[in-house]
Amino acid sequence: MNTEKLIITDMGSDTPRCVSQKSLLCLGIESSCDETSAAIVDDNKNILAHIIYSQIPEHQQYGGVVPELAARAHILAIDEVIKQTLERAGKTIKDIDVVAATAGPGLIGGVLVGWMAATGIANATNKPLVAVNHLEGHALVPRLKATSASDSAMNIDVKFPYLLMLASGGHCQILLVRGVGKYELIGQTLDDSAGEAFDKIAKMLGLGYPGGPVVDKRAKQGNSKRFRFPRPLCDKPGCDFSFSGIKTAARMLLDKTPESNIDEEFINDFCASFQAAVVDCITNRLHNAISDERVKSAKPKTLVVAGGVAKNSAIRNAMEKLATDFNMQFAAPPMNLCTDNGAMIAWAGIENYKVGNTVSKPVAPRPRWPLTEL
């Protein structure tokens, strides 16, 4: 890969809400999976610059992320991404007050690249350094609302405590968010994550990678009642998920369907039916979570969805309706802040810096790092 051929996306910046020469500026770096990203965010919730280099083209031919290829791509892209972020914001490294980077969880090769870059910058400039838990980046980014968002779910002032559905390709959890670094696990998947299930269904149907967006698009054109997939655990108490049974049922249905019958209408209906089953499981478990005594005692006023799966239109719509049923607000990040990005890491860096969570001794990046261990 030649760095001169890197396709880097400028995600733009917000119109400043409150421009102040005293604003705290954080450079955030994200490299935990297949996006190399950096952003500069201030403590007035303005995104001054946000750059993403996506590796999806490199991994599509394999149907998923190849860790070694991802690590090499991060190495080649990281310097250029940081450089362009500073240029886009009209800042130099001297203007930055705090440096933050993902220190886990994630593919350890990629995490190391971003973390070592941030450590080098912080040490060379004597700036404070924040080790951000990638999941906390997702968990806190709904508090970094977009200034120009037309979707009301993006313009909610999300205050602690709130109930969070964190769903991505690797994680699916319901968390009570009491504050920065204060997370209580209410429910989690016992097997596959929701994002993983969508990716595997897309692969079964030959729809490519990543699977979530294309399944959602196809589902909008399909009949969700044509096929009946199971709803695991929906007849059980508790808040834990299970998606492997839906995936297995989908595989069995495809195996017994003649190839000549798998036309565009079949695929659309299949995606719609599968997605409906996933949505039913999520809303059922969230209903139980809202009724859980731990959640009821905390009295959260906002139901939040975050993570890559938060881009799914059916899940967003179902959660918004559920929130309304329980007299709660519904909040979600803008679409460009749902998947892995540097802006969420920069914002988490600011939130942690303000409560004194900075690096005072060497930090070893971690491939696994549950939010409950913060």
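Just so it is clear, the structure is predicted and the values come from calculations on it, not from any experiment.

A.B. asks: What is the right way to read the overall build of the protein from this model?
C.D. replies: When its secondary structure is counted, the protein shows 11 helices and 11 strands. Over its C-alpha atoms the protein spans a radius of gyration of 20 Å, differing by no more than 12% from the 21 Å that the globule rule assigns to 374 residues. Principal axes of the C-alpha set define a box for the protein whose edges measure 60 × 50 × 35 Å. Within the protein, residue pairs in contact and separated by at least 24 positions form 74% of the contacts whose partners lie at least 6 positions apart. Total accessible area computed for the protein in this model is approximately 16,300 Å², and 50% of it derives from carbon and sulfur atoms. Charge-centre separation for the protein: the mean point of 40 positive side chains lies 5 Å from the mean point of 40 negative side chains.

A.B. asks: Help me understand the packing of aromatic side chains in this model?
C.D. replies: Think of a pair of aromatic rings as described by two things: how far the centres are apart, and how the planes are tilted against each other in angle. Per the stated rule, a full pass over the model turns up eight aromatic pairs. When the ring of F160 is compared with that of Y162, the centres are 5.7 Å apart and the planes differ by 10°; the resulting orientation is stacked. An angle of 15° between the planes, with centres 5.7 Å apart, marks the rings of F241 and F243 as stacked. Under the relative-accessibility criterion, F241 is labelled buried at 1%. In textbook terms, an aromatic cluster arises when at least three aromatic residues are bridged by ring pairs, as seen for F198, F227, F229, F266, F270 and F274.

A.B. asks: Help me out: how do you make sense of the sheet that holds strand β8 (residues 172-179) in this one?
C.D. replies: What the five strands build is an open sheet, ordered β9-β8-β7-β10-β11; its pairing is mixed. At either end of the open sheet lies a strand with only one pairing partner, and these are β9 (182-188) and β11 (329-331). When strand polarity is set aside, the average angle formed by the axes of neighbouring strands in this sheet is 25°. Contacting β7 (162-167), β8, β9 and β10 (302-306), helix α8 (residues 264-290) runs over the sheet at an angle of about 155° to β7.

A.B. asks: Would you mind going over the pairing of strand β5 (residues 98-104) with me for this structure?
C.D. replies: Burial of β5 is extensive: seven of the seven residues sit out of reach of the surface. Direction of pairing for strand β2 (residues 25-30) relative to β5: parallel, over a ladder of four bridges. If you follow L27 over to β5, its bridge partner there is V99. Here β5 runs beside strand β6 (residues 129-133); their pairing, made up of five bridges, is parallel.

A.B. asks: Would you mind showing me how to read unusual backbone geometry here?
C.D. replies: Negative phi characterises most residues that are not glycine, and trans characterises most peptide bonds. Along the chain, G104 connects to P105 via a cis peptide bond; the corresponding omega equals -15°. Note on placement: P105 falls in the loop between β5 and α3 (108-125). Of the consecutive residues Y209 and P210, the connecting peptide bond is found in the cis state with omega at -5°. Backbone geometry places L233, a non-glycine residue, at a positive phi of 70°. Looking at where L233 falls in the secondary structure, it is placed in the loop between α6 (211-219) and α7 (244-255).

A.B. asks: Would you mind showing me how to read the pattern of salt bridges here?
C.D. replies: Note that side chains of opposite charge can pair when their charged atoms are close. What the rule picks out here adds up to 15 salt bridges. Among the salt bridges present, the one from D192 reaches K247, with a minimum N-O distance of 2.9 Å. Of this pair, D192 sits in the loop between β9 and α5 (194-204) while K247 sits in helix α7, and the two are 55 residues apart along the sequence. Across the pair, exposure class does not vary: D192 and K247 are buried alike. Two residues, K200 and E196, come together in a salt bridge whose shortest N-O distance is 2.8 Å. Pair noted here: K200 and E196 are both in helix α5, with a separation of four residues, about one helical turn. Of the residues examined, E196 reaches a relative accessible area of 24% and is grouped as partly exposed. Residues joined in a network through salt bridges with shared partners are D192, E196, K200 and K247.

Cut-offs and rules
- Residues numbered from 1 in each chain as written.
- Predicted model: local features only at pLDDT ≥ 70, side-chain atom pairs only at ≥ 80, totals over all residues.
- Heavy atoms only, no water.
- Helix = DSSP H or I, 4+ residues; strand = E, 2+ residues; numbered from the N terminus.
- Rg over C-alpha atoms; globule rule 2.2 N^0.38 Å.
- Contact = heavy atoms within 4.5 Å.
- Areas by Shrake-Rupley, 256 points an atom, 1.4 Å probe, with all protein chains shown as cover.
- Lys, Arg positive; Asp, Glu negative; His and termini not counted.
- Charge placed at Lys NZ, Arg CZ, Asp CG, Glu CD.
- Phe/Tyr/Trp six-rings, centres within 6.5 Å; stacked < 30°, edge-to-face > 60°.
- Buried < 20%, exposed > 50% of the residue type's maximum accessible area, 1.4 Å probe, protein only.
- Pairing = 2+ DSSP bridges.
- Axes fitted to C-alpha atoms, helices over the stretch in contact; angles between N-to-C directions.
- Salt bridge = Lys/Arg side-chain N within 4 Å of Asp/Glu carboxyl O.

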